Amino acid sequence: MVIIIHKVNQVASTQLNAPVNTQIGQFANMCRMNPLTHMQWIGDAATGYLRLLDQTQLPETEVYIDCKDVQTVWDAIKRLSVRGAPAIGISAAYGLVIAAQKNTFIESADHLASSRPTAVNLFWAIDRMKKVSPCTPEVLLAEAIKIHEEDRAMCRAIGEHAVGLIEALPADKRGVLTHCNAGALATGGIGTATAPMYVAHEKGLNFKVYADETRPLLQGARLTTFELQEAGIDVTLICDNMAAQVMREGKIGMVITGADRITANGDAANKIGTYGVAILAKHHGIPFYVAAPSSTFDFKLTNGDQIPIEQRASEEITEGFGKRTAPLNAQTYSPAFDATPAELIAGLITEKGIISPVTTENIKKVLG
Ligand code: MRU
């Protein structure tokens, strides 16, 4: 494993596909330059490897992990070095190219599928890679790149479909609240929940984003606030428990979050706390939208109660980021996701259009 370290904001941008030592500093311009750089295949199919930006180190340090074996990819997914539903799927797809290099495709597919249980994109990508024939590194790499590029295009389409929602907000209510990170870092493109924000920004619209910090791992603070700020978007960080007050003050016109799995009836699992935000939005009469590509839909499950919810280690609550904040041996319970019922969701924003109202029939109609 090769690690490249750089203090963010100290070094200007570098070229894509540049040698290792000149890649330093590329994240600062990632969104403007090329969103592929936080997950990148380096070299050819037979001997190449996956380079991942270690998201656990952001926003302070830009560290890259070079994954030359499947276990390193598995670890990166498990410890959230790469995270966000589409990004997990894309990384697993590249991981299976490495597996084919070592003639361990079948067992590696099962192993990668055991890394995280909630985001269906992981299983979707692995299933898609399993269908590739012949199962050679060359053909598998072409498929992994296709999955990556398709995701990038889906993000853009989500943004184009939903930018009108931001545009339609009254000028004094152009506040958009989001939770966790469903941004460029979580996908192959400009994110899902953030895609309408990037497109609105490109169009020169005036709007504000409020980012929940997202306890316990602070993806909203460390990643969303960082990435939107880097892109020049007006973003304000709030603690999770401030959302109700900020809504009450009339600062929020709409909520957009991402999703890890959406069931046939439109229930949507996303980062823990999303369900609470949806309830708050309903109370305040604020539309709550979920943005996700079709790879996030799981038609095998009828409703959100069937979605497997990942449980995380208690240390993430009791001593997150190396600082003990609870007594030794404190009992904890740490579900990493929750499912928001379809009835609280004003619309599902997909690459094929906005599904609203959210019903099984409408989902079928739009996604086919
Ligand atoms: O635990 P994480 O950081 O992987 O959780 C990520 C989220 O919940 C995102 O909102 C979701 O994956 C959508 S990413 C476009």
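In this text, all values refer to a predicted model and were calculated from it rather than measured experimentally.

Conventions and cut-offs
Residues numbered from 1 in each chain as written. Predicted model: local features only at pLDDT ≥ 70, side-chain atom pairs only at ≥ 80, totals over all residues. Heavy atoms only, no water. Buried < 20%, exposed > 50% of the residue type's maximum accessible area, 1.4 Å probe, protein only. Helix = DSSP H or I, 4+ residues; strand = E, 2+ residues; numbered from the N terminus. Pairing = 2+ DSSP bridges. Right-handed = clockwise from strand over helix to strand, strands pointing away. Domains from an automatic or database assignment. Contact = heavy atoms within 4.5 Å. Buried area = accessible area lost by both parts, 1.4 Å probe. Salt bridge = Lys/Arg side-chain N within 4 Å of Asp/Glu carboxyl O. Near = heavy atom within 4 Å. Polar contact = N/O pair within 3.5 Å; in protein donor to acceptor, adjacent residues only side chain to side chain. Areas by Shrake-Rupley, 256 points an atom, 1.4 Å probe, with all protein chains shown as cover.

J.: What am I meant to see in the pairing of strand β5 (residues 175–178) here?
T.: Within a regular beta strand, the side chains point alternately toward one face of the sheet and then the other, so they alternate between its two faces. Residues of β5 alternate between two faces, with G175 and L177 on one and V176 and T178 on the opposite face, all of them buried. In this sheet, strand β6 (residues 208–212) lies alongside β5 in parallel orientation, the contact comprising four bridges. Within β6, the residue paired with V176 across the bridge is V209. One crossover worth recording links β5 to the parallel β6 by way of helix α7 (residues 195–202), and it is right-handed. Judged from the two bridges that link them, β5 and strand β8 (residues 254–257) form a sheet pairing that is parallel. If you follow L177 over to β8, its bridge partner there is V255.

J.: Would you take a moment to explain the domain arrangement of the chain for this structure?
T.: By convention, interface size is frequently given as the accessible area that disappears when the constituent parts associate. One can read the domain layout of the chain as domain 1 (2–151) and domain 2 (159–367). The gap between the C-alpha centroids of domain 1 and domain 2 is 23 Å. Contacts between the two partners involve 35 residues from domain 1 and, on the opposite side, 33 residues from domain 2. Both faces combined, the contact of domain 1 with domain 2 buries some 2700 Å², and carbon together with sulfur accounts for 55% of it. In this structure, the salt-bridge partner of E310 is R116, at a minimum N-O distance of 2.8 Å.

J.: Got a minute to help me understand unusual backbone geometry in this structure?
T.: Geometrically, the link from L58 to P59 is a cis peptide bond, its omega value of 10 degrees lying close to zero. With respect to the secondary-structure elements, P59 resides in the loop between β3 (49–53) and β4 (61–67). Look at the link from R215 to P216: it is a cis peptide, with omega at 0 degrees. Its place among the elements puts P216 in the loop between β6 and α8 (219–230). Phi angles above zero are rare outside glycine, and C180 is one such case at about 65 degrees. Among the structural elements, C180 can be located in the loop between β5 and α7. The backbone phi angle of T214 is positive, close to 75 degrees, even though this residue is not glycine. With respect to the secondary-structure elements, T214 resides in the loop between β6 and α8.

J.: Would you mind showing me how to read the site of the ligand here?
T.: If you check the shell around the ligand, you find 17 residues, and the closest are R83, A85, R116, N270 and K271. Measuring from an oxygen atom of the ligand, one finds a backbone N or O atom of A85 at 2.9 Å. Burial of the ligand by the surrounding chains reaches 99%, relative to a free accessible area of 410 Å². Contributions of two or more residues to the shell around the ligand are made by α3 (85–101) and β10 (268–271). Looking at which domains feed residues into the shell around the ligand, each of domain 1 (2–151) and domain 2 (159–367) gives three or more.

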